[in-house]
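Chain residues, written in single-letter form:
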Amino acid sequence: MHSRRRFAKTHKIRQRRPRPAPVRVFRMTVSSFSYDERKHQLFEYEMHCKIARRARTRADIKRIRKQLEEKGRKHFHYWLLKHLKVSLDREVRVNFEHEQRAKKQIAQTHASVRRFVMRRVDRRWDAQELPSGRMRFAKRRRKHGRA
Amino acid sequence: MAERKPLPLVWLLLIDLDIVVDKWWLQHYRRIVELVLESYGLNATAIRISPSRSKGYHVRIYLNKPVPSSFANMLQWLLLDDHGRVDFNRARINAGFDEWSKFFEDPRK
């Protein structure tokens, strides 16, 4: 029996290229608390990541979320230790928002990251922005040379 | 010091209700939302209520005209948004974070 591709080849039927999956914007928040005993103050560290990736099905979304979570946790710990000398001993929470279709249908390899530290001032939360940056998510595809 | 970019205006209110109530209570809630918005010269083009991940509901209110972020946060507080969330949102707005309103959800089916 002919396969569909072979049939198309022999009968000169132009095969339709499968549509690429839509690019969606993934938004992840990684956060944790830390208590500074010297200052007697509670701090909440937040990291908001945003990246556009291709995902068609719910399984795709779940897979990308899982990968993002792994990388995000590592990045969060590493960044806080390196830049603020904070080692977190409490649970790190990772949450996702709904994925929306990206305006530009171009997948990204790096996530943009914004970071904040929250502290209690006069019984209210006060946010201070920390340096923003990028987090590597996937290796860039090579156009030439070895794959 | 570099000037901070003004936050974009908001068309959508996101409200986190942390309680499960009877359906007919939600109908009253919709009415109250419309009344509160009307008192500020606003209208809701649509009100969507969906169950949240853990308990309660997520409410999305689409406005007929955009409002500033801090005012939107106040409206969310008036419309029974989670109080801890409101305080965090206020802090994020003051720090100049444009995506200050967060709704954490599972992937859609």
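J.: What is the right way to look at the overall build of chain B in this model?
T.: Across its full length, chain B carries three helices and three strands. Traced from its N-terminal end to its C-terminal end, chain B shows the element sequence β-α-β-β-α-α. In terms of overall dimensions, chain B is globule-like: its C-alpha atoms have a radius of gyration of 14 Å, near the 13 Å expected for 109 residues. Along the longest, intermediate and shortest principal axes, the C-alpha atoms of chain B span 50 × 35 × 25 Å. Expressed as a percentage of the 109 residues in chain B, the buried residues total 45%. Accessible area of chain B: about 6,600 Å², with a carbon and sulfur share of 57%.

J.: It is not clear to me how the interface of chain B and chain A should be interpreted in this structure. Could you clarify?
T.: Accessible area lost upon the coming together of the parts serves often as the stated size of an interface. Residue-level contacts link 21 residues of chain B with 23 residues of chain A. Summed over both sides, the interface of chain B with chain A buries roughly 2,000 Å², with 53% coming from carbon and sulfur. Linking chain B with chain A are six salt bridges. Here Arg120(A) ties to Asp87(B) by a salt bridge, and the two come within 3.8 Å at their closest N and O atoms. At the boundary of chain B and chain A, one finds 12 residue pairs in polar contact (both at pLDDT 80 or more). When the residues that make up the side of chain B that touches chain A are grouped by side-chain class, the tally is seven nonpolar, two polar and 12 charged.

J.: Teacher, can you tell me more about a positive patch on the surface here?
T.: On the surface, a cluster of positive charge is made up of Arg16(A), Arg19(A), Arg56(A) and Arg101(A). Mapped onto the fold, Arg56(A) is located in the loop between strand S2 (41-54) and helix H2 (58-84).

J.: I would appreciate a short explanation of the nonpolar core in the present structure.
T.: Within soluble globular proteins, side chains that are nonpolar generally end up buried alongside one another. In this structure, Tyr45(A), Leu68(A) and Phe76(A) are the most contacted members of the largest nonpolar core, which totals 27 residues. Counting only elements with at least two residues in this core, the list comes to strand S1 (23-36), S2, H2, strand S3 (93-96), strand S5 (110-121) and strand S6 (124-136) of chain A. Looking at which element gives the most residues to this core, the answer is H2(A), with six residues. Not counting residues within four places of it along the chain, the set of residues in contact with Leu68(A) comprises Phe26(A), Met28(A), Ile51(A), Phe96(A), Met135(A) and Phe137(A). If you look at the next biggest cluster of nonpolar residues, it comprises 22 residues, including Ile15(B), Val21(B), Ile47(B) and Ile61(B).

J.: Help me out: how do you make sense of the pairing of S5(A) in this one?
T.: The side chains of a regular strand alternate, first on one face of the sheet and then on the other. Residues and elements named next belong to chain A. Alignment of S2 against S5, held across eight bridges, turns out to be antiparallel. If you follow His48 over to S5, its bridge partner there is Arg114. Sheet analysis places S5 next to S6, joined by 11 bridges and oriented antiparallel. Paired with Ala111 across the two strands is Met135, which belongs to S6. In textbook terms, the turn of a hairpin is the stretch between consecutive antiparallel strands, and for S5 and S6 this stretch comprises two residues, one of which, Asp122, has a positive phi near 50°.

J.: In this structure, what is going on with the packing of helix H2 (residues 69-78) of chain B against helix H3 (residues 83-94) of chain B? I would like to understand it.
T.: Think of two packed helices as two axes; the pair is described by the angle between the axes and how far apart they sit. All names here are of chain B. Axis separation between H2 and H3 bottoms out at 10 Å; the angle between their running directions is 175°. Our classification of the angle between H2 and H3 gives roughly antiparallel. Seen from H2, the contacting residues are Ser69, Ser70, Asn73, Gln76 and Trp77; seen from H3, they are His83, Arg85, Val86, Asn89, Arg90 and Ile93. Tallied by class, the residues present in the contact of H2 with H3 amount to three nonpolar, six polar and two charged.

J.: Hey, could you run me through the packing of aromatic side chains in this one?
T.: In this description, an aromatic ring pair is defined by two values, namely the gap between the centres and the angle between the planes. Tallied over the full model, the rule gives six aromatic pairs over all chains. Note on Phe43(A) and Tyr45(A): the rings are 6.3 Å apart at their centroids and 20° apart in plane angle, and the pair reads as stacked. Judged by relative accessible area, which is 5%, Phe43(A) ranks as buried. Linked through ring pairs, Phe33(A), Trp125(A) and Phe88(B) together constitute an aromatic cluster. For the cation-ring pair, Lys71(A) lies above Phe137(A), with the distance from its terminal atom to the ring centre recorded as 5.8 Å. One residue, Arg120(A), lies across the ring of Trp125(A), its end atom 5.1 Å from the ring centre.

Thresholds applied
Residues numbered from 1 in each chain as written. Chains lettered and ligands numbered in written order. Predicted model: local features only at pLDDT ≥ 70, side-chain atom pairs only at ≥ 80, totals over all residues. Heavy atoms only, no water. Helix = DSSP H or I, 4+ residues; strand = E, 2+ residues; numbered from the N terminus. Rg over C-alpha atoms; globule rule 2.2 N^0.38 Å. Buried < 20%, exposed > 50% of the residue type's maximum accessible area, 1.4 Å probe, protein only. Areas by Shrake-Rupley, 256 points an atom, 1.4 Å probe, with all protein chains shown as cover. Contact = heavy atoms within 4.5 Å. Buried area = accessible area lost by both parts, 1.4 Å probe. Salt bridge = Lys/Arg side-chain N within 4 Å of Asp/Glu carboxyl O. Polar contact = N/O pair within 3.5 Å; in protein donor to acceptor, adjacent residues only side chain to side chain. Nonpolar A, V, L, I, M, F, W, Y, C, P; charged D, E, K, R; others polar. Patch = residues over 30% accessible without salt bridge, like charges linked within 9 Å, V, L, I, M, F, W, Y side chains within 5 Å. Lys, Arg positive; Asp, Glu negative; His and termini not counted. Charge placed at Lys NZ, Arg CZ, Asp CG, Glu CD. Core = buried A, V, L, I, M, F, W, Y, C linked by side-chain atoms within 4.5 Å. Pairing = 2+ DSSP bridges. Axes fitted to C-alpha atoms, helices over the stretch in contact; angles between N-to-C directions. Parallel < 35°, antiparallel > 145°, perpendicular 65-115°, else oblique. Phe/Tyr/Trp six-rings, centres within 6.5 Å; stacked < 30°, edge-to-face > 60°. Lys NZ or Arg CZ within 6 Å of the ring centre and 35° of its normal.

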